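# Structural overview
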Amino acid sequence: MSDDREGGPGEDPSGATLSYRNILEREMESALKEIDRPSKGVFLSGLSAGLNLSFGALFMAMVLTFSGGFDSALTRQAALAGISAIAFLFVVVGQTELFTAHTTMAVLPLANGDASPAEVLRLWSVVYVSNLVGCAAFVGVIAAVGEPMGIAEASAFGTLADALLGLPWWVTLLSGVVAGWLMGLATWLSAASRDTVGRVLLVLLVTATIGFGPFHHAILGTTEVLAALALTDGVTVADFAGFLVTTTVGNVLGGGVFVGLLNYGHVALAGDPQDVEFDAGGGD
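Residues numbered from 1 in each chain as written. Predicted model: local features only at pLDDT ≥ 70, side-chain atom pairs only at ≥ 80, totals over all residues. Heavy atoms only, no water.

- For the protein, an unreviewed UniProt entry supplies the name Formate/nitrite transporter family protein and the organism Halobaculum roseum.
- The record in UniProt for the protein states the following under Subcellular location (unreviewed entry): "Membrane". (UniProt positions renumbered as here; feature names shortened; annotations may be inferred.)

Spelled out as structure tokens, the structure:
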């Protein structure tokens, strides 16, 4: 999710607000840069994203541990949503490689004929695996400091995992679609934001809704479920595998279709006169 654009996301160097077409083109350019990057660099960036996003699971467990219980489900979910959004901010503003962001970004050059399916799958694979490795490594940190320091009880991770597991597969899938959709919106709106303050607020507001659900996010949820698997007796390897597969598919559909392809189609196919020069069939 690296972004080296001049003038900041959402505006050109002169300070004028970017058009929808300009934002799309810049998102495609950014995605192509990531596709062309060496896999080792992408892997390290994805590892960092998995580690940083995992703070969300630790923060939520700390809230559950320190609160001693909430008077209402609304209060509990609002607290968890707000604290988990901070971890998404670490990743989005920090511009490390998160799988659920690339399910949106990498679809754009693919749809425009500027990247091949093999190139997109390579990027997705490297980012996905590195994110999961980061999550697994962070679970080791949680096990080392959580209960010994009295800041994150094992039962708190059991509570977080229970909210994600035990649902019909199609409910998990649709919840994953919603989470991928929201993450794609956070990525898109971050690029469209005119300044850093606006970018931060948009990311916090949109990603907080993921934790408020809680909707199924493959990377953040991996840390929650893996921590419960490692620290409690209520989660099995089969539970984790089913969660990961179904949630990942949902995230890809949500970000790739409902944000990536629809935003591409809006510019390429809507017939807006200012977008006449846009190359909907791929450029040479």
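Let us keep going from here.
## So, the UniProt feature "transmembrane region" (unreviewed entry) in the protein
- Per the UniProt record, the feature "transmembrane region" (unreviewed entry) sits at residues 42-66, 78-99, 120-146, 166-188, 200-220 and 240-262.
- Between the first and last C-alpha atoms of residues 120-146 the distance is 37 Å; the span itself is 100% helix and 0% strand.
- Summarising residues 240-262: 100% helix, 0% strand, and an end-to-end C-alpha distance of 31 Å. (Helix = DSSP H or I, 4+ residues; strand = E, 2+ residues; numbered from the N terminus.)

## A short note on the environment of Ala-161
- In this structure, Ala-161 sits in helix H8 (residues 154-164).
- Spatially, the C-alpha atom of Ala-161 lies 9.5 Å from that of Phe-240, the residues being 79 residues apart in sequence.
- Contact partners of Ala-161, with chain neighbours within four places excluded, come to Glu-224, Val-225, Ala-228 and Val-235. (Contact = heavy atoms within 4.5 Å.)

## Overview of helix H4 (residues 73-94)
- Compared with an ideal rise of 1.5 Å per residue, which puts 22 residues at 32 Å, H4 spans 32 Å between its outermost C-alpha atoms and is within 8% of the ideal.
- Of all the bends found along H4, the most pronounced is centred on Phe-88 and spans about 25°.
- Looking at the buried residues of H4, the elements they touch are helix H2 (39-53), helix H3 (55-67), H8, helix H9 (169-192), helix H10 (196-212) and helix H11 (218-231). (Expected span 1.5 Å × (residues − 1). Bend = angle between axes of the 7 residues up to and from the residue.)

## Side note on the nonpolar core
- One finds Leu-53, Phe-157, Ile-219 and Val-225 to be the most contacted residues of the largest nonpolar core, which totals 58 residues.
- Here this core takes 11 residues from helix H7 (residues 117-149), the largest share from any one element.
- Setting aside its immediate chain neighbours within four residues, Val-225 contacts Ala-161, Leu-164, Leu-165, Val-235, Phe-240 and Phe-243. (Core = buried A, V, L, I, M, F, W, Y, C linked by side-chain atoms within 4.5 Å. Buried < 20%, exposed > 50% of the residue type's maximum accessible area, 1.4 Å probe, protein only.)

## A word on H8
- Turning to H8, its buried residues are Ala-154, Ala-156, Phe-157, Gly-158, Leu-160, Ala-161 and Leu-164.
- Buried residues along H8 sit against H3, H4, H7, H9, H11 and helix H12 (237-269).
- Backbone geometry just after H8 places Gly-166 at a positive phi near 80°.

## Concerning the pattern of salt bridges
- Per the counting criterion, the structure on display carries 3 salt bridges.
- In this structure, Glu-29 and Lys-33 form a salt bridge, with 3.9 Å as the shortest nitrogen-oxygen distance. On the criterion of helical spacing, the pair formed by Glu-29 and Lys-33 is a turn pair, its members being 4 residues apart in helix H1 (residues 20-36).
- Of the charged contacts in the structure, one is a salt bridge between Glu-97 and Arg-37, with a shortest N-O distance of 3.2 Å. Of this pair, Glu-97 sits in the loop between H4 and helix H5 (99-105) while Arg-37 sits in the loop between H1 and H2, and the two are 60 residues apart along the sequence.
- With relative accessibility at 0%, the residue Glu-97 sits in the buried group.
- With relative accessibility at 27%, the residue Arg-37 sits in the partly exposed group. (Salt bridge = Lys/Arg side-chain N within 4 Å of Asp/Glu carboxyl O.)

## Comments concerning the packing of H1 against H9
- Axis separation between H1 and H9 bottoms out at 10 Å; the angle between their running directions is 115°. When the axis of H1 is compared with that of H9, the two are roughly perpendicular. As for the relative orientation of H1 and H9, their crossing is right-handed in sense. Contacts between H1 and H9 involve Tyr-20, Ile-23, Leu-24 and Glu-27 from the first element and Thr-187, Trp-188, Ala-191 and Ala-192 from the second. (Axes fitted to C-alpha atoms, helices over the stretch in contact; angles between N-to-C directions. Parallel < 35°, antiparallel > 145°, perpendicular 65-115°, else oblique. Left-handed = near helix turned anticlockwise from the far one by under 90°.)

## Here we look at the packing of H2 against H7
- Contact geometry of H2 with H7 gives a least axis separation of 7 Å together with a crossing angle of 40°. Regarding the angle of H2 to H7, the classification is oblique. Our pair here, H2 against H7, has a crossing hand that is right-handed. Counting all contacts with H2, which are made through Ser-39, Val-42, Phe-43, Gly-46, Leu-47, Ala-49, Gly-50 and Leu-51, the residues of H7 involved are Arg-122, Leu-123, Val-126, Val-127, Val-129, Ser-130, Asn-131, Val-133, Gly-134, Cys-135, Ala-137 and Phe-138.

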